Amino acid sequence: MENPLSITLGARMSAYLVTPEDYRKQRQRLNKRLNKLRHELNIITKDTKNYKTKEKITKINQEDYESNDKYGLLLLLTAERDVLYALEIKTQLEITSEKVSSYKNLMISKIKRALLTCKKLLDITSKDSNDIKKLELYVYTSLIQGLLSVTKKQWSLALNSFSIAKCSLEFLLSKKYNNDDNEEFEDDEEENVEQYKTLIHELLESLVDPSLNLSINQSDNIQPTSDLKTISRIHCHDKSLPYLTNAIKIIETIDPSFVAQLSSSVELIKTIQWRHHEATIYNDEIAFKIMKLTTSNQWENFDEVNEFDSLITGWSEVLDLHTNDQSKNQDDDDLEKVQDRAILLTYINYNLLFTRLKRDLVLVDQLTNSVNANNKDTYRLYTGIITICQELQELPGVYNDDELYESLQNLEKFFQGKKNVVLATTYQQINKFIEALQIYEYTDKSISSAIGKKQPYTIEEFPYKVTSNEEFLTFKQDLNKKLLHCHISAQFLHDSSNQNVQQFVVENVNKYPTTSLSNIINTGKILPILSKPVLFDVGYNYISYPSTGTSSIAAAVGNASSKISSAIGDNDEQEASKRGGFFGIFGRG
């Protein structure tokens, strides 16, 4: 008996029971299973005379359960059989009007009998060490109690029982299969996890929430509201059903937040401000989560991308809550509430999109500063950022706000310019300067059109400070420098291509020889380093001057060499005359 909810409610929902005949067939299948289980446990009562004094099921005690937990399974399936009988009668009453009173009394008696069996089951499993199993049994019992209370129109008891069921189911959905240790499930186990979560969602949406909403509407002292979670956390602490309070104690020992009243622990915000609009928040849980996300400035110290995951998850949860709240109140006739919910929806999406944008910008910075920077990854990230900017412009209410819409358009141009610079830089690295120059010129025109005669961003500040007017203008200045450098490189490449001058490895530090070493240096035609034109070519560097030609250069070199030879001969004669006489002191006259 590991999963009481799956054994009972899961099997019931999987059978797709609709008609009385469906419930009857399901009950008959369950009877066969019970008969087999009783034979296995040897609790068959063959003598049916004075059956109440001889039957053994009601005499099952805690010792029996501790010796074999199938005794608990027997009680659970017995209660489920009675519930199926009651639902069969209820379905029959919906299609016929004959013998309504007698059928209704029979239905109530079957529900009471199932409830007594569940109380017996809770008693013998009270010392079970598995709190999750016990909590599932309390959920099953509270649903039977709620069904009985609604049938008898006892709305306070129904409110208490369904509140306990809602808090417990939300706890089970979050805690039973929360893979905190990052353990990998097997395929079969993963399928069971998905089926269990689907069961919990189905119970909440199709059974618990509608019944809880009905109990609230029928109660005189409770104002109708769509915030069922807050209501359930308040009334789960009622003492109307003492035997179910242990379910709340089990939750409190593990995670008290699932049964804590939000308004009692903190002072919640009542409204939100977005641009020039103010909207009232009608759901306390949404107000609590928004307040938690907006009051903390921890994001300013975030250096890693995964640190933004908690913020994105938080805004996504708020969005899901608000979307569900809107779907439940789509028939609301109060136009003011409809408008408030529409403003709140735009506010949540606005902050969620900017959180994703900030996360992507941090990732771009990490890639740019890394040793193995890859322009392809950066280019792809900027593409995603531009898509986010476009989604921001499409939010309801943005188009009518001229300042915000224009600022978001310029924000898109800014990141489009960043993306284009990455592409142009890639072309420069492979010496395609003309293509890079075209990209720079196009980007410069786009950025210049965004600036005009005023600041590019007319709003005060974007969320998470994703960019600013100063950063935009700085990018424009850097773009002008890159444009100038690329223009010079493109012109030099153009002139070099006209002279058919080959660029060798020694002249390009970004090029490396792979197989052949023949193109490392030009051995066929050595190009000299230019010197000042007033100096003679004493070193025979073969400097060519276009105005004089090679013949004049050769003549000048010959004259220079003859003059140097005569000068050296005269110098030798003078030295010989000086060496004449005694150690050169007395010369020859």
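See the structure above.
What you see is a predicted model; the values in this text were computed from it and never measured. (Residues numbered from 1 in each chain as written. Predicted model: local features only at pLDDT ≥ 70, side-chain atom pairs only at ≥ 80, totals over all residues. Heavy atoms only, no water.)

**Q** Looking at this model, I keep getting lost on the packing of helix H16 (residues 375-393) against helix H17 (residues 402-429). Mind explaining?
**A** Relative placement of two packed helices is described by the angle separating their axes and the distance separating the axes. Running from N to C, H16 and H17 cross one another at 165 degrees; their axes reach a closest spacing of 9 Å. The pairing of H16 with H17 is recorded here as roughly antiparallel in orientation. For the pair H16 and H17, the sense of crossing is left-handed. Per-class residue counts for the contact of H16 with H17 are twelve nonpolar, nine polar and three charged. (Axes fitted to C-alpha atoms, helices over the stretch in contact; angles between N-to-C directions. Helix = DSSP H or I, 4+ residues; strand = E, 2+ residues; numbered from the N terminus. Parallel < 35°, antiparallel > 145°, perpendicular 65-115°, else oblique. Left-handed = near helix turned anticlockwise from the far one by under 90°. Nonpolar A, V, L, I, M, F, W, Y, C, P; charged D, E, K, R; others polar.)

**Q** What is the right way to read unusual backbone geometry from this model?
**A** Negative phi values dominate among residues other than glycine, just as trans dominates among peptide bonds. Look at Lys153: it is not a glycine, yet its phi comes out positive at around 60 degrees. Of the residues examined, Lys153 reaches a relative accessible area of 60% and is grouped as exposed. Of note, Asn431 is a non-glycine position whose phi angle comes to about 65 degrees, a positive value. Tracing the backbone shows Asn431 in the loop between H17 and helix H18 (433-451). Accessibility expressed as a relative area gives 33% for Asn431, which makes it partly exposed. (Buried < 20%, exposed > 50% of the residue type's maximum accessible area, 1.4 Å probe, protein only.)

**Q** What am I meant to see in the layout of surface pockets here?
**A** If a probe the size of a water molecule is rolled over the atoms, the empty space left behind becomes visible. Quantified by volume, the largest pocket comes out at close to 1,300 Å³. Lining of the largest pocket is provided by 38 residues; of these, Lys229, Glu285, Lys289, Glu317 and Leu321 occupy positions nearest its centre. With eleven residues, helix H14 (residues 309-328) is the largest single contributor of residues to the lining of the largest pocket. Estimated volume of the second largest pocket: approximately 1,000 Å³. Contributing elements (two or more residues each) for the lining of the second largest pocket: helix H1 (4-14), helix H5 (70-95), helix H7 (131-151) and helix H9 (187-218). Of all the elements, H9 adds the most residues to the lining of the second largest pocket, at twelve residues. Across the lining of the second largest pocket, the residue classes break down as 21 nonpolar, eleven polar and four charged. (1 Å grid on protein atoms, 1.4 Å probe; cavity = no way out; pocket = protein on both sides within 12 Å on 5 of 7 lines; lining within 4 Å. Points joined across faces, edges and corners; volume = space filled by probe spheres on them.)

**Q** Honestly, the side chain of Asn410 in this entry has me stumped. Any pointers?
**A** One can find Asn410 in helix H17. The exposure class assigned to Asn410 is buried, which follows from its relative accessible area of 5%.

**Q** Hey, could you run me through empty space enclosed by the protein in this one?
**A** Scanning the model with the defined rule gives one cavity of 30 Å³ or more in all. Volume-wise, the largest cavity comes out at about 50 Å³. Residue assignment for the lining of the largest cavity shows that the elements contributing at least two residues are H14 and helix H15 (335-369). For the lining of the largest cavity, the leading source of residues is H15, giving three residues. By residue class, the composition of the lining of the largest cavity is four nonpolar, three polar and three charged.

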